There are 4 protein chains.
Amino acid sequence: MFNPRTDLAVEAREIYNKNREVEIEGVSVDTKRMLGGIRIVTVNVLNEKGEKAIKKPKGTYITMEIPEVKHYDVDLHEDLTRALSEEILKIVDVKKDLKTLVIGLGNWHVTPDALGPKVISKLMITRHLKEYMPDELEEGINPVAALAPGVLGITGIETAEIVKGLVEKTKPDVVIVIDALAARKVERVARTIQIGDTGIAPGAGVGNKRMELSKETLGVPVIAIGVPTVVDAATLANDTIDSMIDSLIEETKNNSETKGFYNMLKSLDKEEKYNMIKGVLSPYSSNMLVTPKDIDALIEDLAKIIANSINISLHPSIDLNDIDRYLF
Amino acid sequence: MFNPRTDLAVEAREIYNKNREVEIEGVSVDTKRMLGGIRIVTVNVLNEKGEKAIKKPKGTYITMEIPEVKHYDVDLHEDLTRALSEEILKIVDVKKDLKTLVIGLGNWHVTPDALGPKVISKLMITRHLKEYMPDELEEGINPVAALAPGVLGITGIETAEIVKGLVEKTKPDVVIVIDALAARKVERVARTIQIGDTGIAPGAGVGNKRMELSKETLGVPVIAIGVPTVVDAATLANDTIDSMIDSLIEETKNNSETKGFYNMLKSLDKEEKYNMIKGVLSPYSSNMLVTPKDIDALIEDLAKIIANSINISLHPSIDLNDIDRYLF
Amino acid sequence: MFNPRTDLAVEAREIYNKNREVEIEGVSVDTKRMLGGIRIVTVNVLNEKGEKAIKKPKGTYITMEIPEVKHYDVDLHEDLTRALSEEILKIVDVKKDLKTLVIGLGNWHVTPDALGPKVISKLMITRHLKEYMPDELEEGINPVAALAPGVLGITGIETAEIVKGLVEKTKPDVVIVIDALAARKVERVARTIQIGDTGIAPGAGVGNKRMELSKETLGVPVIAIGVPTVVDAATLANDTIDSMIDSLIEETKNNSETKGFYNMLKSLDKEEKYNMIKGVLSPYSSNMLVTPKDIDALIEDLAKIIANSINISLHPSIDLNDIDRYLF
Amino acid sequence: MFNPRTDLAVEAREIYNKNREVEIEGVSVDTKRMLGGIRIVTVNVLNEKGEKAIKKPKGTYITMEIPEVKHYDVDLHEDLTRALSEEILKIVDVKKDLKTLVIGLGNWHVTPDALGPKVISKLMITRHLKEYMPDELEEGINPVAALAPGVLGITGIETAEIVKGLVEKTKPDVVIVIDALAARKVERVARTIQIGDTGIAPGAGVGNKRMELSKETLGVPVIAIGVPTVVDAATLANDTIDSMIDSLIEETKNNSETKGFYNMLKSLDKEEKYNMIKGVLSPYSSNMLVTPKDIDALIEDLAKIIANSINISLHPSIDLNDIDRYLF
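Residues numbered from 1 in each chain as written. Chains lettered and ligands numbered in written order. Predicted model: local features only at pLDDT ≥ 70, side-chain atom pairs only at ≥ 80, totals over all residues. Heavy atoms only, no water.

Chain A appears in an unreviewed UniProt entry as Germination protease from Clostridium cylindrosporum DSM 605. Turning to chain A, the UniProt record has this under Catalytic activity (unreviewed entry): "Endopeptidase action with P4 Glu or Asp, P1 preferably Glu > Asp, P1' hydrophobic and P2' Ala." (UniProt positions renumbered as here; feature names shortened; annotations may be inferred.)

Next up, the structure:
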């Protein structure tokens, strides 16, 4: 079955479910609501049936649906930071002296793609301190290292190669990868945080086992945290037209005069339509992104929220109120 | 008649012309092709009839339709720089010691809106040199000053207030204003350069005489140079659906079965449709922009091209080959 | 009498006092200590005698001597913000609806000179809100506007011309000017905040009445807030040699063998020495700056402290704890 | 013998030579002059005697002494680029398909330390193109990869660990390391380019074999290219006082009255003096840097020159005139 591109498990599931009334076999879904209007959907892909159904490897996909992140709403920032930290702690077992390596994927110089590097810049980096001045660090600070390796076009090196080398040298217990994602729905952009334990396949690497960042390729658990920051233009147009056709179908349903068209519409297959649209837009659409007007501020805020939730998760002795004492 | 927002005169004209076969009274249009696949459309709004028809004040609107600006294609960069300079020199009479003030509108910190400030940063600023070390400057260097005042949200001051004060103090002979524009068609983004001699109404100022930057408000000729860098998401969806309905109309035209729908489609009014779409997208679309993936590099290149075309236009003794001796 | 360059009144006074034991006539000095190891010296130049003596116009010069600003020491940040606010409120009478214009001098692109623009970027800008949506603003928010006009080399326009035009258009009740200063002593860099009510003469404008920003030239009170961020290299060498010669004098004083040299040293005049050094260093020293290694972080912190102290001073209804609700 | 810190071999040699008239055993020195006022000194440390003498490992140290790099002087930029390329080609044997990894040391966010990362951003990165679209690349383009790993404080990982992992994964034939250096003399800052074939020990790593980047630790030749961008403040003061004392010695030499002091001065030992000065300056000096006023522009220009000299050296088919076609 045809799927416009999405990096979000919860979307994959929806796409699949659209034409079905039943839940998917091999996939369990749990939903809960939290403070500050946060809704958390946990999708567990249990087996191959589930993998086939929603085209995501076996594992846990936590999707936090969050309110609009306003720049000045520090209360929401704090609720989000704590909620995200809770979910991280469900996947990562933070035992004493846990060694973590955080990788920030994406391109510093392209705003909607800079989430990963920005998170890195806001992390508490402690690995070298543990090594060179262990006595000066209080209890409950764990060794954290980080790298924003840049993208293939800038380094000429697959991110996976860089990370593999780094993992072999620094031997972390767990790797956390941060990335900006593409969403299928405009309303998901900057409104969803996804946490997964099945790793990630950066950019070019999609569908390329060799390039995956996962337990299989790195030998240690790989946690991926992502936020959709863009929608591709063709997808946007496609979704608009879907909704429009649905309303047309309504209008024409019981109208004998338009019966024929009604049938025609019903018979229109998603892929046909999507390609027709791509045709209409192309060649320009392929180079266009749909992104929020205030993407610069959004990336800044989301990076702070993700970085601090990692900070308070990995360092048991650090509370959110202490963060400013260690960071800007 | 209804018009989705556009800053481009050539688009305004098209919108208007769509349902007409004849040229517009009060508007003259001249088209020519140039080196490097550049097409230049000059729209002259001659009188009130013309003003009413395309909703732009009387004056000259030059639209350069340009090929895709590739980062490394310096030949194209040069062709564009020279071609733009030619058009500038048609509107600006560069006599000896012409005093020019260049204003870069827009927000440094929002990539697609940073065109104006970036152009300023690449200009040859000479006004102070003419004043403090006139003898060290060769013949044919004219006094040029520039300011990127920032946007209302950052300064709390209408750009027009800042510029008016500056014009009164520095008494330039001409003001050139650079701004990033919104286009109606994806294919116009970063593919059109508009030059006009009727000034501009920055952001909030639209339709607000007081806030206009024009000969009327500043007392000196105001040349506006703009490049569309974004399309709003609803507009994108709208245009896609237009084209789709056109093809549906084709399909259903001679098909008795869908005759009824054919008529329904024909009767669909643009505004209805646009609002329907806005409904479908909202509330998210209103905050979304459609912009090229490589907008960062595009802004950089376009700023260089515009700045250098201004440099060689305003300083008779400077040729493009000399620029590097004075600038980066 | 000879003075190496200094922008700090308290230094000007010291230089003068060095060879005198008595306090200066026409100059009153008051010193107090505050929380967080802050020491505040208030120099009042009372009359022409005082002006002659320390080469600063009549007025009040408050010098806050502050501890090292550590990036993570938010308590100190808060103490400094509140203390600076107290001093500002002594010079600025913040009555209801006071209209303030804040000017950030300096060059965005040169780190030690970017203090002014950075402060602007962290201010609560409210003038436009008061104008366009007065009802949405709570009591006790006053209209604040701001501009970072850039430096002469970038605009070709004297800052004073830009500011004068702006003041005429926007008619503020008071102007606050922020600037990065040059100190004479390394230990003053980033360790002193100076507040004065006699305005300022930006860069090139020094000793150029026309270019001054002051009540005399703008027609409204002008408050200047500055922090030394650099020392010039020759000054550094000069001071080192002073201290060294002092110790040599000690060594040689009672030693008949070196009596002759002792006398020679005593007779060495400051200016001679300074020029000898300039000779030794030149031509390189003239282009060199002495600045802290972590100047980037220092500028960031100091800008936040100054901006927030202005924010809580100008808006009676805003407390430091609210700031984050309005700003990033 | 005591040496103030220097990263420059040519300085190490001078320090050593100061008190000797003869050339150093185990060290050969060759000097030549080139176009554009460039002087190239090649120091070869031939054996252990040489190593002991100038405290640098056996190998070749090429020092290009260059004129002041003016922003607009593109002719000088080109002369420097070509001259540097010639020297690189003497140390690197660029055979067909030579695989190069370029490492940019230093901190993006500290201007004088950003040389390495800036060079990386201006390199022609081709390794991935050779891999994914070999046919689209013309003859004589070799695979080049690059990384700016950031500094220990930002990553928590020693640069050497990152680079070692990367070398094992990507198996380059040669590694080129770019770094900003500390000079002992103000007049060397931004006026010297050093190329060496003995690798480098980044920041903390100094004197720490484990952290060295060298053939010994990486298993492939390591070329280091560095430019001094700072002098430490104590060194500056020290050198000033040296010159001053020399002139005092002159003055006192034949003056019976000051004979005693003359002898005292002669007997003053460098280290004593340096410590006396450090005392005078401390604790501030230790945190101060002496750097050119226009360091931002200098770093930009030097990065362009170094990057392009690497580009034309590693890609036989690329001439300086082509660069713009491939890069910005």
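Colleague: For this particular structure, what's the right way to read the overall build of chain A?
Modeller: Across its full length, chain A holds 13 helices and nine strands. Across the 328 residues that make up chain A, the buried fraction comes to 57%. Of the roughly 13400 Å² that chain A leaves accessible, carbon and sulfur atoms contribute 51%. (Helix = DSSP H or I, 4+ residues; strand = E, 2+ residues; numbered from the N terminus. Buried < 20%, exposed > 50% of the residue type's maximum accessible area, 1.4 Å probe, protein only. Areas by Shrake-Rupley, 256 points an atom, 1.4 Å probe, with all protein chains shown as cover.)

Colleague: Explanation requested: the environment of Val227 of chain D in the structure shown.
Modeller: All names here are of chain D. Positionally, Val227 belongs in strand β8 (residues 222–232). Using a relative accessible area of 0% as the deciding quantity, one classes Val227 as buried. Placed 34 residues apart in sequence, Val227 and Ile193 show a C-alpha to C-alpha distance of 4.8 Å. Excluding residues within four positions of it along the chain, Val227 makes contact with Leu115, Asp179, Ala180, Leu181, Ala190, Thr192, Ile193, Leu302 and Ile306. (Contact = heavy atoms within 4.5 Å.)

Colleague: Can you walk me through unusual backbone geometry in this structure?
Modeller: Trans peptide bonds make up the majority, and among non-glycine residues the majority have a negative phi. Phi at Ala190 of chain A is positive, roughly 60°, even though this residue is not glycine. Examined against the element boundaries, Ala190 of chain A turns out to sit in the loop between β6 (174–183) and β7 (192–196). The backbone of Asp97 of chain D shows a phi angle near 60°, a positive value even though the residue is not glycine. Judged by its relative accessible area of 36%, Asp97 of chain D falls in the partly exposed class.

Colleague: Is there a simple way to explain the pairing of strand β7 (residues 192–196) of chain C in this structure?
Modeller: In the case of a regular strand, side chains alternate between the two sheet surfaces. Residues and elements named next belong to chain C. The buried fraction of β7 amounts to five of the five residues, a majority that puts the element mostly inside the structure. Side chains Thr192, Gln194 and Gly196 project from β7 onto one buried face, and the interleaved Ile193 and Ile195 project onto a second face that is buried too. Bridge count for strand β3 (residues 59–65) against β7 is five bridges, and the pairing is antiparallel. What sits directly across from Thr63, in β7, is Gln194. Where β7 meets strand β8 (residues 222–232), three bridges bridge the pair, whose relative direction is antiparallel. Residue pairing for β8: Gln194 is matched across the bridge by Gly226. (Pairing = 2+ DSSP bridges.)

Colleague: Got a minute to help me understand helix α7 (residues 159–170) of chain D in this structure?
Modeller: Every α-helix winds through 3.6 residues per turn, so residues three or four apart in the chain are directed the same way. Residues and elements named next belong to chain D. Relative to the 16 Å expected for twelve residues at 1.5 Å per residue, α7 spans 16 Å between its end C-alpha atoms, a close match to the ideal helical length. The buried fraction of α7 amounts to nine of the twelve residues, a majority that puts the element mostly inside the structure. Looking at α7, one finds that the buried residues are Thr159, Ala160, Glu161, Ile162, Val163, Gly165, Leu166, Val167 and Thr170. Directly after α7, the chain includes Lys171, whose backbone phi takes a positive value near 45°. (Expected span 1.5 Å × (residues − 1).)

Colleague: Hey, could you run me through the packing of helix α3 (residues 74–91) of chain D against helix α12 (residues 295–314) of chain D in this one?
Modeller: Packed helix pairs are specified by the crossing angle of their axes together with the interaxial distance, meaning the distance between the axes. All names here are of chain D. Where α3 meets α12, the closest approach of the two axes is 8 Å, and the angle between their N-to-C directions is 50°. Between α3 and α12, the crossing angle belongs to the class labelled oblique. Like other packed secondary-structure pairs, α3 and α12 cross with a definite hand, here right-handed. Contacts between α3 and α12 involve His77, Leu80, Thr81, Leu84, Ser85, Ile88 and Leu89 on the former and, on the latter, Asp301, Lys304, Ile305, Ile306, Asn308, Ser309, Ile310, Ile312 and Ser313. (Axes fitted to C-alpha atoms, helices over the stretch in contact; angles between N-to-C directions. Parallel < 35°, antiparallel > 145°, perpendicular 65-115°, else oblique. Left-handed = near helix turned anticlockwise from the far one by under 90°.)

Colleague: Hey, could you run me through the interface of chain C and chain B in this one?
Modeller: Accessible area lost during the coming together of the parts is what is often quoted as the interface size. Contacts between the two partners involve 27 residues from chain C, matched on the other side by 27 residues from chain B. Between chain C and chain B, the buried area comes to about 2300 Å², and carbon and sulfur atoms account for 57% of it. One can count four salt bridges joining chain C with chain B. Its salt-bridge partner being Lys169 of chain C, residue Glu168 of chain B comes within 2.7 Å of it at the nearest N-O pair. (Buried area = accessible area lost by both parts, 1.4 Å probe. Salt bridge = Lys/Arg side-chain N within 4 Å of Asp/Glu carboxyl O.)

Colleague: Honestly, the relation of the copies chain C and chain B in this entry has me stumped. Any pointers?
Modeller: One copy of the chain maps onto the other through a rotation about an axis followed by a shift along the same axis. Screw-axis analysis of chain C against chain B gives a translation of 0.0 Å along the axis, an RMSD of 0.1 Å, and a rotation angle of 180°. The transformation just described matches what one would write down for a two-fold rotation axis. Among all residues of chain C, the one whose C-alpha sits closest to the rotation axis is Gly165 of chain C, at a distance of 2.0 Å. Both copies present the same face, since 100% of the interface residues in chain C are matched by interface residues at the equivalent positions in chain B. (Least-squares fit on C-alpha atoms with pLDDT ≥ 70 in both.)

Colleague: Can you walk me through the pattern of salt bridges in this structure?
Modeller: Using the criterion set out here, one finds 48 salt bridges over all chains in the structure. Here Glu87 of chain B makes a salt bridge to Lys32 of chain B, at a shortest N to O gap of 3.3 Å. Of this pair, Glu87 of chain B sits in helix α3 (residues 74–91) while Lys32 of chain B sits in strand β1 (residues 27–34); the two residues are 55 residues apart in sequence, bridging distant segments of the chain. Here Glu87 of chain B falls in the buried class, since its relative accessible area comes to 0%. For Lys96 of chain B, the salt bridge is made with Asp97 of chain B, and the minimal N-O distance between the two is 3.2 Å. Look at the salt bridges and you will find they share partners, linking Lys32, Glu87 and Lys90 of chain A into a network.

Colleague: Teacher, can you tell me more about helix α12 (residues 295–314) of chain A here?
Modeller: With 20 residues, α12 of chain A should cover 28 Å at 1.5 Å per step; its first-to-last C-alpha distance of 28 Å lies within 8% of that length. The buried count for α12 of chain A comes to 16 of 20 residues, which makes it a mostly enclosed element.

Colleague: Please explain the side chain of Asp179 of chain A as it appears in this structure.
Modeller: Residue and element names in this part refer to chain A. With respect to the helices, strands and loops of the structure, Asp179 is situated in strand β6. Asp179 gets classed as buried once you look at its relative accessible area, which sits at 12%. Aside from chain neighbours lying at most four places away, what touches Asp179 is Leu105, Asp113, Leu115, Ile200, Ile225, Gly226 and Val227.

Colleague: Would you mind showing me how to read the environment of Ile125 of chain D here?
Modeller: Locating Ile125 of chain D in the fold gives a position in the loop between α4 (115–121) and α5 (127–132). As for Ile125 of chain D and Leu101 of chain D, which are separated by 24 residues in sequence, their C-alpha atoms are 9.8 Å apart. Among all residues touching Ile125 of chain D, those that are not within four sequence positions of it are Leu152, Gly153, Ile154, Thr155 and Gly156 of chain A together with Val144, Ala145 and Ala146 of chain D.

Colleague: Would you take a moment to explain the confidence of the model for chain A for this structure?
Modeller: Atom-level detail of predicted coordinates should not be read off regions where pLDDT is low. Residue and element names in this part refer to chain A. Confidence along chain A averages 82 in pLDDT terms, with 75% of residues attaining 70 or more. Across chain A, element-level confidence peaks in strand β4 (residues 100–104) with a mean pLDDT of 98 and bottoms out in helix α13 (residues 323–326) with 58. Interface confidence for the predicted complex, given as ipTM, is 0.84, next to a pTM of 0.83. (pLDDT = per-residue confidence, 0-100.)

Colleague: It is not clear to me how the environment of Pro67 of chain D should be interpreted in this structure. Could you clarify?
Modeller: Residue and element names in this part refer to chain D. Relative to the assigned elements, Pro67 resides in the loop between β3 (59–65) and α3. Sequence separation between Pro67 and Ile193 is 126 residues; the distance between their C-alpha atoms is 11 Å. Not counting residues within four places of it along the chain, the set of residues in contact with Pro67 comprises Gly36, Gly37, Ile38, Leu76 and Arg191.

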